[in-house]
Amino acid sequence: MTYRVAHGGTGLTGREALRGIINDPALDLIAVLVTTPAKVGVDAGSLCGLPDIGLLATDDVDAIIAAKPDCFCYCGTAVRREEQAIEDMARLLRVGINVVTISTIPMIYSPAAPQSWHDTIESACREGQSSFYATGSEPGVASLNIPTALLAGAGQVDSYRMDEYALGLDETYPIWEVLHESMGFGKPDGHMPARIASGKVNHDWETVVRYIAEILGYQLDDIDLDWETLKAPTDLDTNVGVLAAGTICAHRWRLAGKVQGKAVVSVQYFATVSSTPWPDAWPRPVAKAASAVVYRVAGRPNMRMQLCFDAQDGEKNLNSAIALTGMAAVNAIPHLIAAEPGIRDPIAGRDVVTRQAVGARATSGTPA
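Residues numbered from 1 in each chain as written. Predicted model: local features only at pLDDT ≥ 70, side-chain atom pairs only at ≥ 80, totals over all residues. Heavy atoms only, no water.

Student: Before we go on, may I ask you to explain the sheet that holds strand β10 (residues 248–259) in this structure?
Tutor: Two orientations exist for strands paired in a sheet by backbone hydrogen bonds: parallel and antiparallel. The 6 strands are arranged β7-β10-β11-β6-β12-β13 in an open sheet whose pairing can be described as mixed. Two strands bound the open sheet, and with one partner strand each, they are β7 (222–231) and β13 (303–308). If you compare each strand with its neighbour and ignore which way they point, the axes differ by 15° on average. As paired strands, β7 and β10 are joined by 10 bridges and run antiparallel to one another. Looking at β10, one finds that I223 is bridged to G257. Running at roughly 40° to β10, helix α10 (residues 200–216) makes contact with β6 (156–166), β7, β10 and β11 (262–272) of the sheet. (Pairing = 2+ DSSP bridges. Helix = DSSP H or I, 4+ residues; strand = E, 2+ residues; numbered from the N terminus. Axes fitted to C-alpha atoms, helices over the stretch in contact; angles between N-to-C directions. Contact = heavy atoms within 4.5 Å.)

Shown next, in the form of structure tokens:
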């Protein structure tokens, strides 16, 4: 049995999801929605670096709805338009189209999402008898699904912490506007990175802290954020230009759920450029990797596990976490279609793993 799928969003991550849908033997891509005029009429295969498949992209939402897909894979950006993205997806859900998305991060654990988002999506699912699932890599599979599996072997848990490492971002994500504005790289000492100043860290990541605390049975008193930046000791050569001595070359933040003043569930994030000197006070990854997540459980048993995202063969500038983000959505589509109507929170199990290990339908290529 195959499922009829429409897809929207052909940016860096959306292309990976589109490629995954085309290559998935259980899915039949019937429509691609784009918002960039130059992409209208372009073959779906070309949009993700695969051979043409004979399906042209459209900017007509009504045509997508009229095609009656079983599921819409929503990968369009929600940056500075989150309310609109929620309404976009609610419109599809109201007419009976299931929606899987990577775009509205707090909805990965809906009880911790903004109440208005939750209510809008829940109401739309009820009206259309449809299902909704938000996922991704982190926050997402790497911060919810994988820790849940790890904690299946836990006993006493005194504390849990996930350390995420985004190292050498000038090489793995060489977009200066993001690195300079969001991360604060190259900004003067004392500058607060935009992702912290805007509240985005709390907005996106409190969902993870609250989810892990809930499954462990912790009743949190509060969630605290602490952060720091590092200054370049000298001028640092990077893939996006020179960072002047004394400007920011790295930052760290930690979001900690506390009980009686003790951090029991924490998420910690480290971001650097490739030439950043590593400070002794910062914990290192278990093994050298540009992009990695380390899970640390203190208790009985004590556990530490590292997930690394290796570069794709021949695509050193493509962080594999991006491919994971897209595939987390694609792999869940058949399960979501078969699910009872409503919001689905973190999904795990054998029916949401890849179906591409054998018999992929298209030849792999390099994303356009």
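There's more to say after this.
Student: Help me understand the environment of M305, please; the structure alone is not making it clear to me.
Tutor: Relative to the elements of secondary structure, M305 occurs in strand β13. Given a relative accessible area of 31%, M305 falls into the partly exposed group. Residues M305 and V294 lie 11 residues apart in sequence; the distance between their C-alpha atoms is 5.6 Å. (Buried < 20%, exposed > 50% of the residue type's maximum accessible area, 1.4 Å probe, protein only.)

Student: What should I look at first to understand the sheet that holds strand β2 (residues 27–33) in this one?
Tutor: If you trace the 6 strands from one edge of the open sheet to the other, you get β2-β1-β3-β4-β5-β14, paired in parallel fashion. Each having just a single partner strand, β2 and β14 (342–344) make up the two edges of the open sheet. Going across the sheet, the axis of each strand differs from the next one's by a mean of 20°, ignoring polarity. Where strand β4 (residues 98–101) meets strand β5 (residues 131–134), 3 bridges bridge the pair, whose relative direction is parallel. Counted as the bridge partner of V100 is Y133 from β5.

Student: What's the story with the pattern of salt bridges in this structure? I'm lost.
Tutor: Side chains that differ in charge, positive against negative, can pair when their charged atoms come close. The tally for this structure, following the rule as stated, stands at 14 salt bridges. A salt bridge links R94 to E87; the shortest N-O distance between them is 2.8 Å. Look at R94 and you get partly exposed, because its relative accessible area is 29%. A residue is classified by how much of its surface remains accessible, and E87, at 33% relative accessible area, is partly exposed. R254 is the salt-bridge partner of D226, the closest N and O atoms lying 3.1 Å from each other. Of this pair, D226 sits in strand β7 while R254 is found in strand β10, placing the two residues 28 residues apart along the sequence. A residue is classified by how much of its surface remains accessible, and D226, at 27% relative accessible area, is partly exposed. (Salt bridge = Lys/Arg side-chain N within 4 Å of Asp/Glu carboxyl O.)

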